[in-house]
Amino acid sequence: PVFEPPPPVETWLEGCMVAWSGSLAANDPFSEELRNWMAAGREALEAWCDRFVGPLASAGRTLLIRPHARQLLSDVAGVVRFLRRHRGERFGMAIAPLDLLTEEMRADGAEHLARAFEVLQPMLDPTRDLLISPAPGLDDPAAERTRAACCEAAATCGLELLIDVG
């Protein structure tokens, strides 16, 4: 599996670390890998997270998982399932809404994102989770609509909003 393991919890400067949800793909964590969306993918993500439960609690740190449409945590249903399973543990979400959309979904991205925010809003914790918005000025209408939706959702949910510049 391809995972970018965060550095040891005790070396974090403070608060939290953000990590991609990972992939079972052999080389590229953003390539299409069908196993990511099957039981094997969910089990791999849970096993990876289980390694961090104790160290996170001991260090008082939080690991924010950043989902992506091609990774182990790839959609709203998976995010909801993950948050329910890990309730009370030191895991949260760093959600970049464009990351949840496949290329095919981007044309109707506003509709997908409105439904996503509707489902996720009651699940997200403003003291832990954050939204990652596309940077302004991108030559991408979907990114501009997403940026506006992120700003609105962040204000509604009280979530911290980060701008993805890279």
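Residues numbered from 1 in each chain as written. Predicted model: local features only at pLDDT ≥ 70, side-chain atom pairs only at ≥ 80, totals over all residues. Heavy atoms only, no water.

Peer 1: Would you explain the side chain of N36 in this entry?
Peer 2: Tracing the chain through its elements places N36 in the loop between β1 (16–20) and α1 (39–50). Non-local contacts of N36, meaning those with residues more than four positions away in its chain, are made with S23, L24, A25, G41, R42, R70, Q71 and L72. (Helix = DSSP H or I, 4+ residues; strand = E, 2+ residues; numbered from the N terminus. Contact = heavy atoms within 4.5 Å.)

Peer 1: Is there a simple way to think about the nonpolar core in this case?
Peer 2: W48, L63, I65, F82, M93 and I95 are the most contacted members of the largest nonpolar core, which has 36 residues in total. Once residues lying within four places of it in the same chain are set aside, the contact partners of I95 are P67, V79, L100, L120, L124, L130, L131 and I132. Membership of the second largest hydrophobic core comes to 5 residues, among which are L64, A94, A96 and L130. (Core = buried A, V, L, I, M, F, W, Y, C linked by side-chain atoms within 4.5 Å. Buried < 20%, exposed > 50% of the residue type's maximum accessible area, 1.4 Å probe, protein only.)

Peer 1: What is the right way to look at the side chain of E46 in this model?
Peer 2: Here E46 is to be found in helix α1. According to the relative accessible area criterion, E46 is buried, its value standing at 16%. Sequence-distant contacts of E46, defined by excluding residues within four places in its chain, comprise F82, R85 and H86.

Peer 1: Sorry if this is basic, but what is going on with the confidence of the model for the chain here?
Peer 2: Close inspection of predicted coordinates is inappropriate for parts of the model with low pLDDT. Considering every residue of the chain, the mean pLDDT works out to 82; 89% of them sit at 70 or more. In the model of the chain, helix α5 (residues 141–157) stands out as the element of lowest mean pLDDT, 75, in contrast to helix α3 (residues 76–85), which has the highest, 94. (pLDDT = per-residue confidence, 0-100.)

Peer 1: Explain the pattern of salt bridges to me, please; I cannot follow it from the model alone.
Peer 2: Side chains bearing opposite charge may pair, as long as their charged atoms lie close to each other. Evaluation of the coordinates by the stated rule reveals 6 salt bridges. E33 is the partner of R35 in a salt bridge, and the nearest nitrogen-oxygen pair spans 2.9 Å. Ionic pairing is found between R128 and D129, a salt bridge with its closest N-O pair at 2.7 Å. Here D129 falls in the buried class, since its relative accessible area comes to 2%. (Salt bridge = Lys/Arg side-chain N within 4 Å of Asp/Glu carboxyl O.)

Peer 1: Before we go on, may I ask you to explain the sheet that holds strand β4 (residues 130–134) in this structure?
Peer 2: Strands pair in a sheet through their backbones, by hydrogen bonds, and they do so in one of two ways: parallel or antiparallel. In space, the 5 strands of this open sheet follow the order β1-β2-β3-β4-β5, with parallel pairing throughout. The open sheet terminates on both sides in strands that have one partner only, identified here as β1 and β5 (160–164). Adjacent strand axes in the sheet meet at a mean angle of 30° when their direction is disregarded. As paired elements, β1 and strand β2 (residues 62–66) share 5 bridges and run parallel to each other. Along β2, the bridge assignment pairs W20 with R66. (Pairing = 2+ DSSP bridges. Axes fitted to C-alpha atoms, helices over the stretch in contact; angles between N-to-C directions.)

Peer 1: It is not clear to me how the packing of aromatic side chains should be interpreted in this structure. Could you clarify?
Peer 2: Any two aromatic rings considered together are summarised by their centre-to-centre distance and by the angle between their planes. Under the defined criterion, the tally for this structure stands at 3 aromatic pairs. Arranged with centres 5.9 Å apart and planes meeting at 80°, the rings of F82 and F91 form a pair that is edge-to-face. Note on F82: relative accessible area 2%, which makes it buried. (Phe/Tyr/Trp six-rings, centres within 6.5 Å; stacked < 30°, edge-to-face > 60°.)

Peer 1: I would appreciate a short explanation of helix α4 (residues 109–120) in the present structure.
Peer 2: Given 3.6 residues per turn, any residue in an α-helix points the same way as the ones three and four places further on. Helix length check: α4, at 12 residues, gives a terminal C-alpha distance of 16 Å against a target of 16 Å (1.5 Å per residue), a fit within 8%. All buried positions along α4 are accounted for by G109, L113, A116, F117 and L120. Down the axis, α4 shows its buried residues gathered within 95° of arc, on one side only. (Expected span 1.5 Å × (residues − 1). Arc of directions from axis to C-beta.)

Peer 1: Honestly, the pairing of β4 in this entry has me stumped. Any pointers?
Peer 2: Every regular strand shows the same layout, with side chains that alternate between the two sheet faces. Summarising burial for β4: 5 of the 5 residues are buried, a large majority. Inspection of the sheet shows strand β3 (residues 91–95) paired to β4 by 2 bridges, in the parallel sense. Looking across to β4, one finds that A94 is bridged to L130. Bridge count for β4 against β5 is 5 bridges, and the pairing is parallel. Residue pairing in the sheet places P134 in a bridge with D164 of β5.

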